Amino acid sequence: MMRRGILGITNAWPPMIAGHGNFFHDLVGCSASVEVLVPRAARPESVSCRAHRWFIVPPRIGGPLRVYSVLQPLETTVTPLFWLLVRWYKPRLIVASQVLFSGLSALLCSRVFGIPFLVIAHGEEVGAYLKAPRRLNAKLAQAVLESARVVVCNSRNTEDLVKRFCRPGRPATRVILPCVNPHQAGANAAEVAELRRDLRATGPLVLSVGRLEERRKGFDIAIKALKTVREAVPGAILAIVGPGDQSRLKNLAREEGVAESVRFLGPVSRSALSGLYSLCDVFLLPVRSLPDGNQEGFGIVFLEAGLHAKPVVAGRSGGSCEAVVDGETGILVDGADPVAVAGAVNRLLTDARLAAAVGKAGRRRVLEDFNSEKRGALFESLLQDVAG
């Protein structure tokens, strides 16, 4: 087999809304030594790496039943093996965007072809495996993590979870925190004006972004907190952005008496999201750790808000405490407590000087510590070291 280069495997890539896909994109996108298997829905034109739109099954099948596809994990696991056989191609290293199921694919290719692999671990998945270590998914994840040449962890919290989950001394870990592109294109004036009209906002705007089906994100708590927020700041609006079934949250908004003050925008383009960050007064995501071990891996959206100099209110969960510096770039609260969430939001909405200072500190920290160009160079160096 021809031996060259580095192969990346991911089932998520922009413009798809997925934190692990965006993280992987920012790390490998600027590397000319990497070629990546990405979903058909991806748009790989704006990156230096060679991206092959190969995976055809969507990660989720929509609808009110939220039926998850069993074909997508299977395709992610076995397709790269066939791709290598068809291409008669043996890369020096395989890089997987997450433990399951791109990491399982890397393990399979490693067993068949003897190719070393590196996998990126995220706190939300490893935390769940720790809570139920006897389940099949946990057993598969442990095999992937312990067989990897290096496990890249997206936070120090994730690294701690990986070390607790795996056997002593295995695997080798490296922490590389998420990043954002400081040069990402923003919304133009016309887009911002259109967004402002669509929001029908007459008062301050609170923005939340994420997948609606991920309960740890705390959209329900944000809605419950809104009534208290509006008592202190009349006219405040909550805008929720992200894919997923809205019915549960819409019913909750009606029960809480704030349905007219919540805007469900669904998934939006990157430029529109940038426009929403620019328009909002506070970014809110009261993430929380769930009983099943599911927790926030890091929270790239906190960095995106910081890049736009917006103050952040975040729940304490997993790696969110590394994404937000409490009292400096945002306010950390108990994400399960609507009263605490409302209090933090009101504090920022009623103190313009504090909000501006927190927003500026957040932008400064993002540009200095979470620059995608710096993280990309660090990751590229790691890839070359591991590939040998």
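Placed above this text is the structure.
Here the structure is a predicted model, which is why all the values come from computation and not from measurement.

**Student:** Which residues make up unusual backbone geometry, and what are the values?
**Tutor:** Along the chain, Leu 100 connects to Phe 101 via a cis peptide bond; the corresponding omega equals 15 degrees. In this structure, Phe 101 sits in helix 3 (residues 99-113). Cis geometry is found at the peptide bond from Arg 170 to Pro 171, where omega equals -5 degrees. Mapped onto the elements of the fold, Pro 171 is located in the loop between helix 6 (156-165) and strand 9 (173-175). Unlike most non-glycine residues, Arg 200 shows phi in positive territory, near 50 degrees. Tracing the sequence through the fold places Arg 200 in the loop between helix 7 (189-199) and strand 10 (205-209). When its relative accessible area of 55% is taken as the criterion, Arg 200 is described as exposed. Residues other than glycine seldom take positive phi values, yet Ala 309 does so here, at roughly 60 degrees.

**Student:** Any details on helix 5 (residues 136-147)? Residues and values, ideally.
**Tutor:** Between its first and last C-alpha, helix 5 extends 17 Å over 12 residues, near the 16 Å set by a 1.5 Å rise per residue. All buried positions along helix 5 are accounted for by Ala 138, Ala 141, Val 144, Leu 145 and Glu 146. Those residues of helix 5 hidden inside the fold are in contact with helix 3, strand 7 (117-121), helix 4 (123-131), strand 8 (150-153) and helix 6.

**Student:** Report on the sheet that holds strand 10, specifying residues and quantitative values.
**Tutor:** Strand order across the open sheet formed by six strands is 12-11-10-13-14-15, with parallel pairing between neighbours. Edge positions in the open sheet fall to strand 12 (262-266) and strand 15 (330-333), since each of these has one partner strand only. The sheet shows a mean angle of 20 degrees between the axes of neighbouring strands, taken without regard to direction. Summarising the sheet, strand 10 and strand 13 (residues 282-285) pair through two bridges and their orientation is parallel. By the bridge assignment, Val 206 is partnered in strand 13 with Val 282.

**Student:** Explain the sheet that holds strand 6 (residues 93-96) residue by residue, including any values.
**Tutor:** What the seven strands build is an open sheet, ordered 4-3-2-6-7-8-9; its pairing is parallel. Either end of the sheet is taken by a strand with one partner, and the two such strands are strand 4 (50-55) and strand 9. Strand-to-strand, the axes of this sheet are offset by a mean angle of 20 degrees, without reference to chain direction. Where strand 3 (residues 34-39) lies against strand 4, five bridges are found, and the strand directions are parallel. In the sheet register, Val 36 faces strand 4, and the bridge partner there is Ala 51. Lying on the sheet, helix 3 is in contact with strand 2 (6-9), strand 6 and strand 7; it crosses strand 7 at an angle near 170 degrees.

**Student:** Report on the packing of helix 4 against helix 6, specifying residues and quantitative values.
**Tutor:** Packing of helix 4 against helix 6 brings their axes to within 9 Å, and their N-to-C directions diverge by 30 degrees. On the basis of the axis angle, helix 4 is roughly parallel to helix 6. Here helix 4 runs over helix 6; the crossing is left-handed. Where helix 4 approaches helix 6, its residues Gly 123, Val 126, Gly 127, Tyr 129 and Leu 130 are matched on the opposing element by Thr 158, Leu 161, Val 162, Arg 164 and Phe 165.

**Student:** Can you explain helix 10 (residues 270-279)? Please cite residues and give values.
**Tutor:** By the criterion of burial, helix 10 is predominantly enclosed, with seven of the 10 residues buried. Among the residues of helix 10, those classed as buried are Ala 272, Leu 273, Ser 274, Gly 275, Leu 276, Tyr 277 and Leu 279. Considering only its buried residues, helix 10 is in contact with helix 7, strand 10, strand 11 (237-241), strand 12, strand 13 and helix 11 (300-307).

**Student:** Give a description of the pairing of strand 14 (residues 312-315) that names residues and reports values.
**Tutor:** When a strand is regular, its side chains alternate between the sheet's two faces. The side-chain alternation of strand 14 yields two buried faces, one formed by Val 312 and Ala 314 and the other by Val 313 and Gly 315. Relative to strand 14, strand 13 is paired through three bridges, and the arrangement is parallel. The residue of strand 14 that forms the bridge with Phe 283 is Val 312. Taken together, strand 13, helix 11 and strand 14 form a β-α-β motif whose crossover is right-handed.

**Student:** Give a detailed account of the side chain of Glu 322, specifying residues and quantitative values.
**Tutor:** By secondary structure assignment, the location of Glu 322 is in helix 12 (residues 320-323). By relative accessible area, Glu 322 is classed as buried at 16%. Reaching out from Glu 322, the side chain makes a polar contact with the backbone nitrogen of Arg 156 at a distance of 2.9 Å. Within the structure, Glu 322 has its side chain in polar contact with the backbone nitrogen of Asn 157 (distance 2.9 Å).

The rules behind these values
Residues numbered from 1 in each chain as written. Predicted model: local features only at pLDDT ≥ 70, side-chain atom pairs only at ≥ 80, totals over all residues. Heavy atoms only, no water. Helix = DSSP H or I, 4+ residues; strand = E, 2+ residues; numbered from the N terminus. Buried < 20%, exposed > 50% of the residue type's maximum accessible area, 1.4 Å probe, protein only. Expected span 1.5 Å × (residues − 1). Contact = heavy atoms within 4.5 Å. Pairing = 2+ DSSP bridges. Axes fitted to C-alpha atoms, helices over the stretch in contact; angles between N-to-C directions. Parallel < 35°, antiparallel > 145°, perpendicular 65-115°, else oblique. Left-handed = near helix turned anticlockwise from the far one by under 90°. Right-handed = clockwise from strand over helix to strand, strands pointing away. Polar contact = N/O pair within 3.5 Å; in protein donor to acceptor, adjacent residues only side chain to side chain.

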